[in-house]
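A look at the structure
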Amino acid sequence: MSEPLITLTGDGLYCPQGAFHIDPWNAAQYAVVTHAHSDHARAGSTQYLGATPGLPLLQSRLGTDANIRVIPYGEVLERNGVRISLHPAGHVLGSAQVRLECRGEVWVVTGDYKLAVDPTCSPFEPVRCHTLITESTFGLPIYRWDSNSDLMSRINSWWQTNKAAGKTSVIYAYSLGKAQRLMASVDSSVGSIFTHGAVENVTRAYRQSGVALPPTYPVNEVAPRTKPWVGGLVIAPPSAASSPWAKKFEPASDAVASGWMQVRGTRRRKAVDRGFAVSDHADWPGLLTVIKESGASRVLATHGFAQVLARYLREQGLDAGVIATRYGDEEEGAELAAEGEG
Amino acid sequence: MKAFADLYADLDETTSSSAKVLAMANYFKVTPPADAAWAVYFLSGRKPKQAVPSKRLRLWARELAGVDEWLFDECYEHVGDIAETIALLLPPAAKESDQPLADWVQNRLLPLRVMEEGLQKVAVTSAWLALNTRQRFVWNKLITGEFRVGVSQLLVVRALSQVTGLSTDVISHRLMGNWEPTPLFYSELMAPDTSDADVSRPYPFFLAHPLEGEPIALGPVEEWQAEWKWDGIRAQIVRRRGESFVWTRGEELVTDRYPELKRLADRLPDGTVLDGEILPWKEGVLPFGDLQKRIGRKTVSKKLLEEIPVVLMTYDLIEIAGADLREQPLSVRRRQLEAVVEQVADSALMLSPRLAFDSWDELIIQRQSSRDRRVEGMMLKRQNAPYRVGRVRGDWWKWKIEPFTVDAVLTAAQPGHGKRSGLYTDYTFGVWDDGKLVTFAKAYSGLTDAEIQQADTFVRANTLERFGPVRTVKPELVFELGFEGIQLSARHKSGIAVRFPRILRWRMDKPPEDADTLEQVKSLLLASKGDPIDVE
Ligand SMILES: [Zn+2]
Ligand SMILES: [Zn+2]
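Residues numbered from 1 in each chain as written. Chains lettered and ligands numbered in written order. Predicted model: local features only at pLDDT ≥ 70, side-chain atom pairs only at ≥ 80, totals over all residues. Heavy atoms only, no water.

All names here are of chain B. Relative to the 16 Å expected for 12 residues at 1.5 Å per residue, helix H4 (residues 54-65) spans 16 Å between its end C-alpha atoms, a close match to the ideal helical length. For H4, the set of buried residues is Leu-57, Trp-60 and Ala-61. Viewed end-on, H4 has its buried residues packed into an arc of 100°, placing them on one side of the element. Considering only its buried residues, H4 is in contact with helix H6 (82-89), helix H8 (117-128) and helix H9 (133-143). Gly-66 occupies a position one or two residues after H4 and carries a positive phi of about 65°. (Helix = DSSP H or I, 4+ residues; strand = E, 2+ residues; numbered from the N terminus. Expected span 1.5 Å × (residues − 1). Buried < 20%, exposed > 50% of the residue type's maximum accessible area, 1.4 Å probe, protein only. Arc of directions from axis to C-beta. Contact = heavy atoms within 4.5 Å.)

Looking now at the sheet that holds strand S11 (residues 131-136) of chain A. All names here are of chain A. Here we have seven strands laid out as an open sheet, ordered S7-S8-S9-S10-S11-S18-S19, and mixed in their pairing. Both edges of this open sheet fall to strand S7 (76-79) and strand S19 (319-322), since each of them pairs with a single strand only. The average undirected angle you get between the axes of adjacent strands in this sheet is 20°. Where S7 and strand S8 (residues 82-88) come together, four bridges link them in antiparallel fashion. Residue pairing for S8: Arg-79 is matched across the bridge by Val-82. (Pairing = 2+ DSSP bridges. Axes fitted to C-alpha atoms, helices over the stretch in contact; angles between N-to-C directions.)

Another point: the interface of chain B and chain A. Taken together, the contacts link 28 residues of chain B with 29 residues of chain A. Summing both partners gives a buried area of about 2600 Å² for chain B against chain A, and 50% of it is carried by carbon and sulfur. The largest share of the area that chain B buries against chain A comes from Glu13(B), Trp70(B) and His78(B), three residues that together contribute 28% of it. Summed over the shared surface of chain B and chain A, the number is three salt bridges. At the junction of chain B and chain A, the tally comes to 10 residue pairs in polar contact (both at pLDDT 80 or more). Elements with a minimum of two residues in the side of chain B that touches chain A: helix H1 (2-13), helix H5 (69-79), H6, H9 and strand S16 (463-467) of chain B. Here the element with the most residues in the side of chain B that touches chain A is H5(B); it accounts for six residues. In the side of chain B that touches chain A, the residues fall into 13 nonpolar, four polar and 11 charged. (Buried area = accessible area lost by both parts, 1.4 Å probe. Salt bridge = Lys/Arg side-chain N within 4 Å of Asp/Glu carboxyl O. Polar contact = N/O pair within 3.5 Å; in protein donor to acceptor, adjacent residues only side chain to side chain. Nonpolar A, V, L, I, M, F, W, Y, C, P; charged D, E, K, R; others polar.)

Turning next to the pattern of salt bridges. Inspection of every chain in the model, using the stated rule, returns 45 salt bridges over all chains. Taking the shortest distance from any N to any O, the salt bridge between Asp10(B) and Arg274(A) comes out at 2.6 Å. With Asp10(B) in helix H1 and Arg274(A) in strand S17 (residues 274-276), this pair bridges two chains. Given a relative accessible area of 28%, Asp10(B) falls into the partly exposed group. The exposure class assigned to Arg274(A) is partly exposed, which follows from its relative accessible area of 22%. Ionic pairing is found between Arg382(B) and Asp395(B), a salt bridge with its closest N-O pair at 2.9 Å. Here Arg382(B) is found in strand S10 (residues 377-382), whereas its partner Asp395(B) is found in the loop between strand S11 (390-391) and strand S12 (396-400), with 13 residues between them in sequence.

For the rest of this paragraph, the subject is the domain arrangement of chain A. All names here are of chain A. You can read the domains of chain A as domain 1 (7-142 + 280-338) and domain 2 (148-276). Listed as interface residues are 26 residues of domain 1 and, on the opposing side, 24 residues of domain 2. Both faces combined, the contact of domain 1 with domain 2 buries some 1900 Å², and carbon together with sulfur accounts for 64% of it. The interface formed by domain 1 and domain 2 contains one salt bridge. The salt bridge involving Asp-280 is made with Arg-181; its shortest N-O contact spans 2.9 Å. (Domains from an automatic or database assignment.)

For the rest of this paragraph, the subject is helix H4 (residues 197-208) of chain A. All names here are of chain A. The end-to-end C-alpha distance of H4 is 17 Å, a good match for the 16 Å that 12 residues give at a rise of 1.5 Å each. For H4, the set of buried residues is Val-199, Glu-200, Val-202, Thr-203, Ala-205 and Tyr-206. Summarising the contacts, the buried residues of H4 are in contact with helix H1 (55-62), helix H3 (178-185), strand S13 (193-195), strand S14 (216-218) and strand S15 (233-236). Taken from the residues just after H4, Gly-210 is the one with a positive phi, measuring 90°.

Right, dumping it as structure tokens:
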């Protein structure tokens, strides 16, 4: 067998032939980044490569002086004989799978991905390969998402009920991606949408990139005395939950939008009124679909329930293993860690 | 089933009592009596016995989901609950059923118990395929006899009262005792005419509040009656239309367990209801542990009857000659009670003595003999107070010698050291705060070796998560904790810190939802500000 196209170094996934890293967690010479979440895009590398639609997000994550080169999805770039291309991962705006080809050998690093409907980013595109490095955040068969329309109609009816009761609806969702997916998917005819500062910043970058989003009102820019948010929907990052900032929306009903909300125990420990299992990661059937469609004969799982997924795949006759990256410190992965299981 | 599962989800997820009451009220407003009757039945903590062992459910679920045992176990480890693991693992429903709840219970659930395994499997798997995830969870809980909702009976009563406009007393009264969840029962429950009273029904118990601070705050001493606080089982004895009933506070009918009390009840004049404490008694009160030997026994051997006879230590008369005495002042009820006890003259009926005192100081001195008398302290009752419903502040106070006690729920455990290493003996306890448990104390001592073994087994079988050596467990076990002092603390999540917490006893009789609330614990803060009255 020829030398592997990707190896794991102390800095992250590395392609020796091409001399570049993918989503390195330490500063590197040349970093291909799958998306702008903090566990994938870290500041300090000399040069970055990402997908065009993600540029404003990468800039705000890595700093405007970072040396970022972007290429459109599907365009091929060659580096030391390795052909690199980026393909939509459906995770957040500009998220990409990284396809590497060298001497007929094809590897794909999925980064984070989902198959669920998301109007704020390009849908996942299957890519054929020999070796697939896949995320496995929700690599347990109990994670099977309800359809996006079911989820959103549940959120809408929660919002409507609160509005009828004179309450504000406060939903906690990761500020990059989840928040914008929510605002684009809920029924904005129910009421106005208000944003936490962190959410508003990212939302601005989304709009800059041409993503159509309903109007949002930053909470810190409206006159608090009039309590304009009563009956509205406030979108805030999970860190704002039970903070003094959240107090001003009383009387309110609060909710968390996260894949981990699939499990009752996690929902109850969050101590919010509702948990909606809305995730930007693939569920178990999604993981299996992507693996199958990739045609890969070898699969390396990383992040989350990697061991479980790898064992399952081996039992299905695939050559599968685990690769221990450090991804997963963002949103949903981080929540799991906080729950004590990471 | 759909509406009920949605209601369950609403109740399960919200942390606010008023939201829970509202959700229930909205449900009852639109639900037909046949379904509503079952809903009341389940919500008030009644549940069908296990119809299918969960081992079978696991097997069938694995087959249906095409999941190997190891993968099922991984899921279960992560979820921490079999019913939920199965609900999440099964393939999506082919077509969701809109069969009403009563149908589900009567035609699908109840028949399961008498089916042989093969038929059970067909019935259960076809049920699964007609339900969505939330409904399956409720269904699984129902058929495994583990159904439990995070609402107290009081909240159910409030919801029903909101829907009917009837007072909560009437609803509580109608919900007590033995009833069948039929449409007829439900229409009686909601009936505007309140002159009903089932022959067997006890009255809702009037419960005392812990005394906060010194009794001097209660005002003039002559307005008060004092008795010992007996450490037994709170009970009412009902005699009506030639029938006798013994009810305990858990609303359990225990007439057959205590033949002594049945015998005495049979001798009561018709239309009498006594309130008091069941005590193990042999020339004096026996330890509570002795009573526990009788609690679980449905049939009592002659030997046990001789070894541990019980009495009713009565302290109130709620009904006489068929008339409800609750609006009468305690002084009047007491006089009539004394007359009844004298007239019946049964060795199993004792009158809780009124303590003689002319000042609070005298009472404080008498109270110091509590431990020698094997009582828990004193009860202070306002002479002119009616017999109220539930835990109403102001008229009945329990003034315990254990300065502070709290019923708390076991939330986590870790292994002990020394001779108990390897056993989960270091416990973390929580109390309720708006629907969730907050940690309020850790305790290491107080259980017997047998209880430690039992707790250890529970911890291993009910682990939710692991953090290093610590396991969080399903909130199911309730313990009475005692401690010496309490103060505000910014370092603790609960906002309070307690001194020298220890386990006083395992409250196997209490469901977790009946454990104390943070608010109740915080009310003890007031008490701790005065000097401890107890001198030990
Ligand atoms: Zn991500
Ligand atoms: Zn990630």
